[in-house]
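Residues per chain, in single letters:
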Amino acid sequence: MRVSSTRLYHMEWDQYVEGNMLVAWGSAIVTTDGLFPKTVVGDVNGPGYKEGRGEDARFDRITNFVQISKDKIVIVDQQNCCLRLLDRSTGQTSRFAGKCGGCVWNQSFKDGNKDEALFGYPTGILFDERDPTKLLVLDDSNHAIRSIDIATQVTTTIFASDKTLLRPRSAVFDVNNKDILYVAHRRKVSMYNFADNNVTLIAGEEPEDPKKFTIFDGAFENATFGYYTANIVPINERYLAVSDYHAHKIRIIDLVSRTVSSLCADQVTLAFNEVPKVRRDACDITGPIGLMYEKGKLYIGENGRITIKGVEVTEDDVEGDGIVG
């Protein structure tokens with residue numbers, strides 16, 4: 001396949017090809033051993049809408065996906081404003097929920113079955129850890145958290161507010177409390193509580209003048225993020241990692257000390273079909289979006305490459321001195 005500098009939005013381990021990583025890259029999903037990518041579905045540089053098999057199918061910006069079984073993937077087709085289903089055994093795509101082909105900002109919001117539901121540029125998706133028969137969708141222009149029953153494909157709305165949850169993009173459950181969902185949205189990170197249906201700001205703010213906005217580390221009440229907080233993942237019960245796209249940094253949220261810091265650490269960059277490059281004590285990442293953590297390593301999706309940063313923290317470090325890159 002042709003190598004592209006298109007953004008890498010999401011990655012997770014491939015359940016269908018053991019040992020590989022599955023990556024949302026532009027308007028395609030690829031599987032890779034870390035060096036050589038192979039297209040699973042879509043075209044990295046060929047946006048559009050078409051149901052089909054493998055590379056004949058067309059998507060318009062795949063911002064996330066979730067493997068609901070070894071051979072089934074639900075895909076967030078953001079600019080087509082719908083969710084798609086991929087059968088890995090046949091390569092065939094089909095519509096999973098929503099009306100594919102585009103939508104109108106703030107005018108595509110409706111609950112219902114797969115034919116009735118409407119989404120406004122959906123961006124994130126994850127299993128509902130309170131009930132794994134359901135998926136949660138972060139519905140960007142509707143400023144909403146939506147729920148989809150995997151079996152019936154019926155969509156309902158859990159929460160929506162353009163005041164407290166402006167443009168949600170990614171979310172992750174608290175390690176211990178499944179009533180708590182941490183959400184990355186626009187220039188902020190907030191906490192949604194299922195028990196009281198309420199959103200509480202953790203850190204970040206909307207600037208009066210974005211052109212003069214400064215990125216700050218520090219206490220929650222002082223810390224700021226760039227536009228936009230793209231993905232959020234847990235490191236353990238104390239720390240969250242956030243890809244801060246326009247700040248070109250990975251930010252670490254410490255839920256114990258209530259601080260935000262920027263991760264500076266050695267990193268290895270895997271540009272597909274190229275020799276891996278090593279940078280020492282690097283702080284900046286070019287436009288990070290995709291983010292995955294496993295066993296002391298953060299995998300970061302940039303433009304056409306994956307960067308790996310080591311994170312020195314023990315899994316039971318809840319009251320220690322802090323994370324070290």
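Placed above this text is the structure.
This write-up is about the structure you can find in this document. (Residues numbered from 1 in each chain as written. Predicted model: local features only at pLDDT ≥ 70, side-chain atom pairs only at ≥ 80, totals over all residues. Heavy atoms only, no water.)

A short note on the pattern of salt bridges
Logical step 1: In this structure the tally under the stated criterion is 22 salt bridges.
Logical step 2: In this structure, the salt-bridge partner of Asp77 is Arg84, at a minimum N-O distance of 2.6 Å.
Logical step 3: Residue Arg169 is joined to Asp140 by a salt bridge in which the shortest nitrogen-to-oxygen separation is 3.1 Å. With Arg169 in strand S13 (residues 168-173) and Asp140 in the loop between strand S10 (134-139) and strand S11 (144-149), this pair connects stretches of sequence that are 29 residues apart. (Salt bridge = Lys/Arg side-chain N within 4 Å of Asp/Glu carboxyl O. Helix = DSSP H or I, 4+ residues; strand = E, 2+ residues; numbered from the N terminus.)

Details of the sheet that holds strand S23 (residues 277-282)
Logical step 1: Strand order across the open sheet formed by five strands is S23-S22-S26-S25-S24, with antiparallel pairing between neighbours. Among the strands making up the open sheet, the edge pair consists of S23 and strand S24 (291-294). The average undirected angle you get between the axes of adjacent strands in this sheet is 20°.
Logical step 2: Both strand S22 (residues 265-271) and S23 contribute to a ladder of four bridges, which runs antiparallel. Bridging from a neighbouring strand, Ala265 pairs with Ala282 of S23. (Pairing = 2+ DSSP bridges. Axes fitted to C-alpha atoms, helices over the stretch in contact; angles between N-to-C directions.)

Some points on the nonpolar core
Logical step 1: Residues Ile29, Val41, Phe65 and Ile75 are the most contacted members of the largest nonpolar core, which totals 17 residues.
Logical step 2: Residue contacts for Val41: discarding those within four places in its chain leaves Ala28, Ile29, Gly54, Ala57, Phe59, Ile75, Leu86 and Thr93.
Logical step 3: In terms of nonpolar packing, the next biggest core, distinct from the first, is built from 15 residues, Ile180, Phe220, Ile232 and Leu240 among them. (Core = buried A, V, L, I, M, F, W, Y, C linked by side-chain atoms within 4.5 Å. Buried < 20%, exposed > 50% of the residue type's maximum accessible area, 1.4 Å probe, protein only. Contact = heavy atoms within 4.5 Å.)

Things to note about the layout of surface pockets
Logical step 1: Considered as a void within the structure, the largest pocket measures approximately 620 Å³ in volume.
Logical step 2: What lines the largest pocket is a set of 29 residues, among which His10, Leu126, Ala171, Val172 and Val233 lie closest to the centre.
Logical step 3: Of all the secondary structure elements, the ones that give two or more residues to the lining of the largest pocket are strand S1 (8-13), strand S5 (62-69), strand S9 (122-127), S13, strand S18 (229-234) and S24. (1 Å grid on protein atoms, 1.4 Å probe; cavity = no way out; pocket = protein on both sides within 12 Å on 5 of 7 lines; lining within 4 Å. Points joined across faces, edges and corners; volume = space filled by probe spheres on them.)

Structural notes on the environment of Asn20
Logical step 1: Within the element layout of this structure, Asn20 appears in the loop between S1 and strand S2 (21-25).
Logical step 2: By relative accessible area, Asn20 is classed as buried at 15%.
Logical step 3: A sequence separation of 10 residues divides Asn20 from Val30, and the C-alpha atoms of the two residues are 9.8 Å apart.
Logical step 4: Dropping the residues within four chain positions of it, Asn20 is found in contact with Trp13, Asp14, Thr31, Thr32 and Asp33.
Logical step 5: Within the structure, Asn20 has its side chain in polar contact with the side chain of Thr31 (distance 3.0 Å). (Polar contact = N/O pair within 3.5 Å; in protein donor to acceptor, adjacent residues only side chain to side chain.)

In short, geometric facts, not functional conclusions.
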